[in-house]
Amino acid sequence: METTPLIEFKNITKRFGEKTVLDKVNLKIYENQITTIIGKSGTGKSVLLKHIIGLLKPDDGTILFEGRPIDKMKKSEWEEYRSKVAYLFQNNALLDSMTVFDNVAFPLRQTTNLHKQEIEKLVLKRIEDLELAEAVNKYPSELSGGMQKRVALARALVTDPKIVLFDEPTTGQDPIRKNMILSMITHYRRKFGFTAVMISHDIPDVFFISDRIIILWQGGVGFEGTYEEAVNRKLPLIDEFLRSLEGFEDELTGLLSREAFRVHYAAMLGGTATVSAVSAALFSIRLNLLHDALGPQASMEVLRTLGEYTNRRFNPIGGFSARHSRDEILTIFPHTSIDKAQKLVSDFAQELKLKALDSIESIAAEKIGTEVCFDIFIRAGVTEVFPTDTTDQIIKKARAKQEIVATHRCDSGGSV
């Protein structure tokens, strides 16, 4: 039996004057997932979000929440639904006359009956979570654009909402901060179990965290499903949209985007079943306190360091790499036997021990202090690649063969 969507649009139409922005839109958003809405400018992405929160009402059609039409709800039911939805505005919408603390506290003061001490505890926790402690008594005008975005995110999350709507949450951020914000969205979604609906142009980064993607096209939904389903479909609108992404680089690591990686991989195979030896390696990094203790920004810097070393080592010999999850990097070695690939990875592991792990330790130590003991593990799995293998099959095979190839243990004082 099909799961009831948390939110469902049925034939939603919205017009502004003579312009139809949403034209009989049908879509489904499921609970405890991250759904990302992408599309060209002017396709109605923000308009769609504002319908979910009730800032706009459709001219035609019905919006359902847990199977119930929201336009049929009683006032008390509507207020209950509305209290479950938080909205992170594209322009942050911070109140200039309030400090960071008061901006984050505002929803709690307006919508709850919590005591002052309870509000203070919740607010300070969110401020700490988003690394804003040094700005707690500052005003928005005193903050950088990146810090303002984090204040807005803290305010959106302070009420522990069931649904969080993110309207371009990473606009104007540098690569580290973009990935930090996306990492935070993923982290808090898992921790608190909310459903995230996000508009973003930060491709390919959003694909690493999205459970489902909705492509808006000419006023309607051109595609709805997983990222893998999107790239495997042969619809013209998807081909056109994804072709525009082929040149995108993963800004965080400097590696290829996943689409550029696919293009390189397809070109390497040449569309034939006869190809010289090809191998692949899947690298991943783990710290025994990664993310919770490090925080999202330092965690992303750790991943970027691994990406830089991967590029530097394998690009000169014809290898090409892409990030295929939040902390995994896949490298293809054309014209390379499995034995030779294993030797390349072994030599790379030695370089990591001598250089990269010390850099990673420095990043972590700067964040959490030298008195905290932590271990760093680099894992790698090497596999042979066959002409019929998809990238997903390669990843699965390589992941099954992963083992630790480089370790930095704090109690031994160095890499082993």
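The rules behind each value
Sequence order sets the numbering: in each chain, residues are counted from 1 along the sequence as written. Where totals are concerned, whole chains, interfaces and linings use all residues; where local detail is concerned, this predicted model gives features only for residues with pLDDT of at least 70, and gives and counts side-chain atom pairs only at 80 or more. Where side-chain values are given, they derive from all heavy atoms of the structure, hydrogens and water being excluded. In this description, a nonpolar core means a group of buried Ala, Val, Leu, Ile, Met, Phe, Trp, Tyr and Cys residues linked to one another through side-chain atoms lying within 4.5 Å. Each residue is placed in one exposure class: buried if its accessible area under a 1.4 Å probe, protein chains only, is under 20% of its type's maximum, exposed if it is over 50%, and partly exposed if it falls in between. Strands are runs of DSSP state E lasting at least two residues, helices are runs of H or I lasting at least four, and both sets are numbered from the N terminus onward. The contact criterion used is simple: two residues touch if any of their non-hydrogen atoms lie within 4.5 Å. The length a helix should cover is 1.5 Å for every residue beyond the first. What the arc measures is the spread of directions leading from the helix axis to the C-beta atoms. Two strands qualify as a pair provided that DSSP identifies no fewer than 2 bridges between them. Only one rule defines a salt bridge in this text: a Lys or Arg side-chain nitrogen within 4 Å of an Asp or Glu carboxyl oxygen. Note on geometry: axes are lines fitted to C-alpha atoms, helical ones only across the stretch in contact, with angles between N-to-C directions running from 0 to 180 degrees. Angles below 35 degrees are treated as roughly parallel, those above 145 as roughly antiparallel, those between 65 and 115 as roughly perpendicular, and all remaining angles as oblique. Here the nonpolar group is Ala, Val, Leu, Ile, Met, Phe, Trp, Tyr, Cys and Pro; Asp, Glu, Lys and Arg are the charged ones; every other residue, Gly included, is treated as polar. To pair, rings of Phe, Tyr and Trp, with the six-membered ring standing in for Trp, must have centres within 6.5 Å; the planes then decide the type, stacked if under 30 degrees apart, edge-to-face if over 60, and tilted in the middle. Think of it as a cone above the ring: NZ of Lys or CZ of Arg counts as a charge over the ring if it is within 6 Å of the ring centre and within 35 degrees of the ring normal.

Undergrad: Describe the nonpolar core, naming the residues involved and giving the relevant values.
TA: Of all hydrophobic cores here, the largest spans 46 residues; its most connected members are Val 104, Val 123, Ile 127, Leu 153, Phe 166, Ile 185 and Met 198. The element contributing the most residues to this core is helix α5 (residues 145–157), with seven residues. Setting aside its immediate chain neighbours within four residues, Ile 127 contacts Val 100, Phe 101, Val 104, Leu 132, Ala 133 and Val 136. Core analysis: the next-biggest nonpolar cluster, separate from the first, contains 28 residues, Leu 22, Val 25, Leu 27 and Met 73 among them.

Undergrad: Give me the environment of Asp 71: which residues, what numbers.
TA: Among the structural elements, Asp 71 can be located in the loop between β5 (68–69) and α2 (75–83). With 13 residues separating them in the primary sequence, Asp 71 and Pro 58 have C-alpha atoms 9.9 Å apart.

Undergrad: Explain helix α4 (residues 116–129) to me, and be specific about the residues and the numbers.
TA: Taking 1.5 Å as the rise per residue, α4 with 14 residues should run 20 Å; its terminal C-alpha atoms sit 20 Å apart, in good agreement. All buried positions along α4 are accounted for by Ile 119, Val 123, Arg 126, Ile 127 and Asp 129. For α4, the arc enclosing every buried residue in end-on projection is 160°, short of the 170-degree limit, so these residues lie on one face. Exposed side chains of α4 directed beyond 90 degrees from the buried face belong to Gln 117, Lys 121 and Glu 128. Buried residues along α4 sit against α3 (100–111), α5 and α6 (175–192). Once α4 finishes, Glu 131 follows within two positions and takes phi at roughly 55°, a positive value.

Undergrad: For the sheet that holds strand β4 (residues 60–65), give the residues involved together with the corresponding values.
TA: Spatially, β2-β1-β4-β5 is the arrangement adopted by the four strands of the open sheet, whose pairing is antiparallel. Each edge of the open sheet is held by one strand with a lone partner, namely β2 (19–29) and β5. Summarising the sheet, strand β1 (residues 7–16) and β2 pair through seven bridges and their orientation is antiparallel. Each bridged residue has a counterpart across the sheet, and for Arg 15 the counterpart in β2 is Thr 20.

Undergrad: Now, about the pattern of salt bridges: what can you tell me, with residues and values included?
TA: If you walk through the whole model with that rule in mind, you get 15 salt bridges. Across the salt bridge formed by Asp 129 and Lys 125, the nearest N and O atoms sit 2.8 Å from each other. Highlighted residues: Asp 129 and Lys 125, both in helix α4, separated by four residues, approximately one helical turn. You can call Lys 125 partly exposed: its relative accessible area is 35%. Arg 399 is the partner of Glu 328 in a salt bridge, and the nearest nitrogen-oxygen pair spans 2.7 Å. Of the two residues, Glu 328 sits in strand β13 (residues 328–333) while Arg 399 sits in helix α12 (residues 391–400), which places them 71 residues apart along the sequence.

Undergrad: Pulling in residues and values, what's your account of α12?
TA: Every buried residue belonging to α12 is among Thr 391, Ile 394, Ile 395 and Ala 398, and all of these are buried. Down the axis, α12 shows its buried residues gathered within 100° of arc, on one side only. In α12, the exposed positions angled more than 90 degrees off the buried face are occupied by Lys 396 and Ala 400.

Undergrad: Could you give an account of the side chain of Ser 200, naming the residues involved and the relevant values?
TA: When you line up the elements, Ser 200 lands in the loop between β8 (195–199) and β9 (212–217). When near neighbours in sequence (up to four residues on either side) are disregarded, Ser 200 contacts Thr 36, Ile 37, Ile 38, Glu 168, Thr 170 and Val 206.

Undergrad: How would you summarise the sheet that holds strand β3 (residues 34–38) if you had to cite specific residues and measurements?
TA: Reading across the sheet, the six strands line up as β6-β7-β8-β3-β9-β10 and stay open at both edges, with mixed pairing between neighbours. Unpaired on one side and paired on the other, β6 (85–88) and β10 (220–225) mark the two borders of the sheet. For this sheet, the mean angle separating the axes of adjacent strands, direction not counted, is 15°. The strands touched by helix α1 (residues 45–53) within the sheet are β3, β6, β7 (163–167), β8 and β9, with β7 carrying the most contacts at an inclination of about 155°. Contacts from α5 reach β6 and β7 within the one sheet, and its direction differs from that of β6 by about 175°.

Undergrad: Residues and numbers for the packing of α5 against α6, please.
TA: At a minimum axis separation of 12 Å, α5 and α6 run at an interaxial angle of 5°. What the angle tells us is that α5 and α6 run roughly parallel. Only Arg 177, Met 180, Ile 181, Met 184 and Tyr 188 of α6 make contact with α5, whose side of the interface consists of Lys 149, Arg 150, Leu 153 and Leu 157. Of the residues that constitute the contact of α5 with α6, the class distribution is six nonpolar, no polar and three charged.

Undergrad: So what's going on with the environment of Gln 342? Residues and values would help.
TA: Within the fold, Gln 342 resides in helix α11 (residues 338–368). Relative accessible area serves as the criterion here: at 41%, Gln 342 is assigned to the partly exposed category. In the structure, Gln 342 is positioned 41 residues away from Thr 383 in sequence and 8.7 Å away in space, judged by C-alpha atoms.

Undergrad: Describe the packing of aromatic side chains, with residues and values.
TA: Counted under the stated rule, the structure contains eight aromatic pairs. With a centroid separation of 6.0 Å and 20° between ring planes, the pair formed by Phe 283 and Phe 314 is classed as stacked. In this pair, Phe 283 sits in strand β11 (residues 278–287) while Phe 314 sits in helix α10 (residues 296–314), placing the two residues 31 residues apart along the sequence. Neither Phe 283 nor Phe 314 differs from the other in exposure class; each is buried. Clustering of aromatic rings is evident, with ring pairs tying together Phe 283, Phe 314, Phe 333 and Phe 348. The positively charged end of Lys 14 is found above the aromatic ring belonging to Phe 16, 5.5 Å away from the centroid.

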